[in-house]
Amino acid sequence: MDASKRFKHTLKREGTVKLNLASIRNVYCVGRNYALHAAELGNQKPSNPMFFSKPTHSLVKADGRTLSLPGDRGLIHYETEFVIHLARPYVEGLPIEQIVDSFAIGIDFTLRDEQEQLKSKGYPWLVAKGFRNAAVLSTFFPFDSIDACRDKEFSLHKNGVQVQVGCIRDMIFDLRTLLRSCSQQLGLDAGDIIYTGTPSGVGEIADGDQLHLFWDQKNIGDVRITLS
Ligand code: ZN
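Residues numbered from 1 in each chain as written. Predicted model: local features only at pLDDT ≥ 70, side-chain atom pairs only at ≥ 80, totals over all residues. Heavy atoms only, no water.

## Here we look at helix α4 (residues 112-121)
Here is step 1: Considered for burial, the residues of α4 that qualify are Arg112, Glu114, Gln115 and Leu118. With its buried residues spanning 160 degrees around the axis, α4 presents them on a single face. With respect to the buried face of α4, the exposed residues turned more than 90 degrees away are Ser120 and Lys121.
Here is step 2: Tucked inside the fold, the buried residues of α4 contact β5 (76-78), β8 (110-111) and α5 (126-129).
Here is step 3: Phi for Gly122, located one or two positions after α4, is positive at around 80 degrees. (Buried < 20%, exposed > 50% of the residue type's maximum accessible area, 1.4 Å probe, protein only. Helix = DSSP H or I, 4+ residues; strand = E, 2+ residues; numbered from the N terminus. Arc of directions from axis to C-beta. Contact = heavy atoms within 4.5 Å.)

## Some thoughts on unusual backbone geometry
Here is step 1: Even without being glycine, Asn133 reaches a positive phi, approximately 70 degrees.
Here is step 2: Among the structural elements, Asn133 can be located in the loop between α5 and β9 (135-137).
Here is step 3: Classification of Asn133 by relative accessible area gives buried; the value is 17%.
Here is step 4: Backbone geometry at Asp216 places phi at a positive 50 degrees, although glycine is not the residue there.

## Brief notes about the pattern of salt bridges
Oppositely charged side chains are able to pair whenever their charged atoms sit close together.
Here is step 1: Under the defined criterion, the tally for this structure stands at ten salt bridges.
Here is step 2: Lys129 serves as the salt-bridge partner of Glu79, at 3.4 Å between the closest nitrogen and oxygen. Here Lys129 lies in helix α5 and Glu79 lies in the loop between β5 and β6 (80-86), a separation of 50 residues in the sequence.
Here is step 3: Judged by its relative accessible area of 4%, Glu79 is buried.
Here is step 4: Accessibility expressed as a relative area gives 3% for Lys129, which makes it buried.
Here is step 5: The network of salt bridges with shared partners includes Lys54, Glu79, Asp108, Arg112 and Lys129. (Salt bridge = Lys/Arg side-chain N within 4 Å of Asp/Glu carboxyl O.)

## Re the nonpolar core
Here is step 1: Phe82, Phe109, Leu137 and Leu175 are the most contacted members of the largest nonpolar core, which totals 65 residues.
Here is step 2: The biggest single contributor to this core is strand β7 (residues 100-108), with five residues.
Here is step 3: Excluding residues within four positions of it along the chain, Leu175 makes contact with Phe82, Ile84, Ile96, Phe143, Ile146, Ile168 and Thr196. (Core = buried A, V, L, I, M, F, W, Y, C linked by side-chain atoms within 4.5 Å.)

## Quick look at the sheet that holds strand β11 (residues 154-158)
Here is step 1: Pairing within the open sheet is mixed, and its five strands lie in the order β4-β16-β15-β11-β12. Strands at the two margins of the open sheet, each flanked by one partner only, are β4 (63-69) and β12 (161-166). Neighbour-to-neighbour, the strand axes of the sheet open up by a mean angle of 25 degrees, direction not taken into account.
Here is step 2: Here six bridges tie strand β15 (residues 210-215) to strand β16 (residues 218-227), and the two strands are oriented antiparallel to one another. What sits directly across from Phe214, in β16, is Asn219. (Pairing = 2+ DSSP bridges. Axes fitted to C-alpha atoms, helices over the stretch in contact; angles between N-to-C directions.)

## Remarks on the coordination of the zinc ion
Here is step 1: Around the zinc ion, the protein contributes the donor atoms Glu79 (OE), Glu81 (OE) and Asp108 (OD), which lie 2.0 to 2.1 Å from the metal centre.
Here is step 2: Ordering the donors of the zinc ion by residue number gives the pattern E-x1-E-x26-D. Separated by 27 residues along the polypeptide, Glu81 in strand β6 and Asp108 in strand β7 bring together distant segments of the chain. Comparing Glu81 with Asp108, the two get one shared label, buried. (Donors = N, O, S within 2.8 Å, 3.2 Å for Na, K, Ca; no water.)

Distances and angles like these do not, on their own, reveal function.
What follows is the structure, given as structure tokens:
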């Protein structure tokens with residue numbers, strides 16, 4: 001069957017997109033895509049998009065569930081991100097609306113102490129980013145256009161207080177650049193998703209924290225954290 005048909009999603013009445021996590025193929029992430037975030041971690045602003053990935057085992061829905069995260073591996077940071085889903089293989093020159101069919105807001109959980117230790121040794125940081133439940137996804141929504149998303153904000157509330165807020169117009173590399181670059185360097189096909197980077201304001205989570213994801217001031221997902 002044609003891949004673009006296989007990943008066509010049913011539009012639910014309330015305007016969300018029903019997407020089965022098992023249909024997701026590659027989970028790509030972008031590092032340092034907001035200048036203020038690169039600065040807050042003491043990193044240089046990159047000259048090209050920087051990609052890494054997570055295992056699909058790390059995916060989990062923010063559907064009100066309790067998430068178990070490692071409690072014995074140092075600091076865990078949340079990174080709140082705009083996530084896009086591809087409906088078909090990337091083709092140069094095609095309008096982005098024909099390639100990206102939906103978007104969500106996600107959390108890229110990061111074992112920050114472990115990541116710093118691995119980076120300092122020059123080792124891959126996969127285990128600091130790819131553990132179980134490290135890739136959280138809100139409900140998906142139809143992706144109508146870049147313009148429709150550029151003026152809206154996404155945010156994370158921790159225990160009822162807004163702790164992080166972002167907007168895709170502040171990205172260093174915009175969505176078109178990310179798609180082109182990811183396709184050239186790694187390949188992009190139907191069913192792939194991209195976490196497009198975190199704005200500044202990343203911070204620590206603790207046992208019992210309640211996290212709520214917002215898009216355009218509407219709550220679109222939530223989880224409760226248990227460290228074990
Ligand atoms: Zn991230």
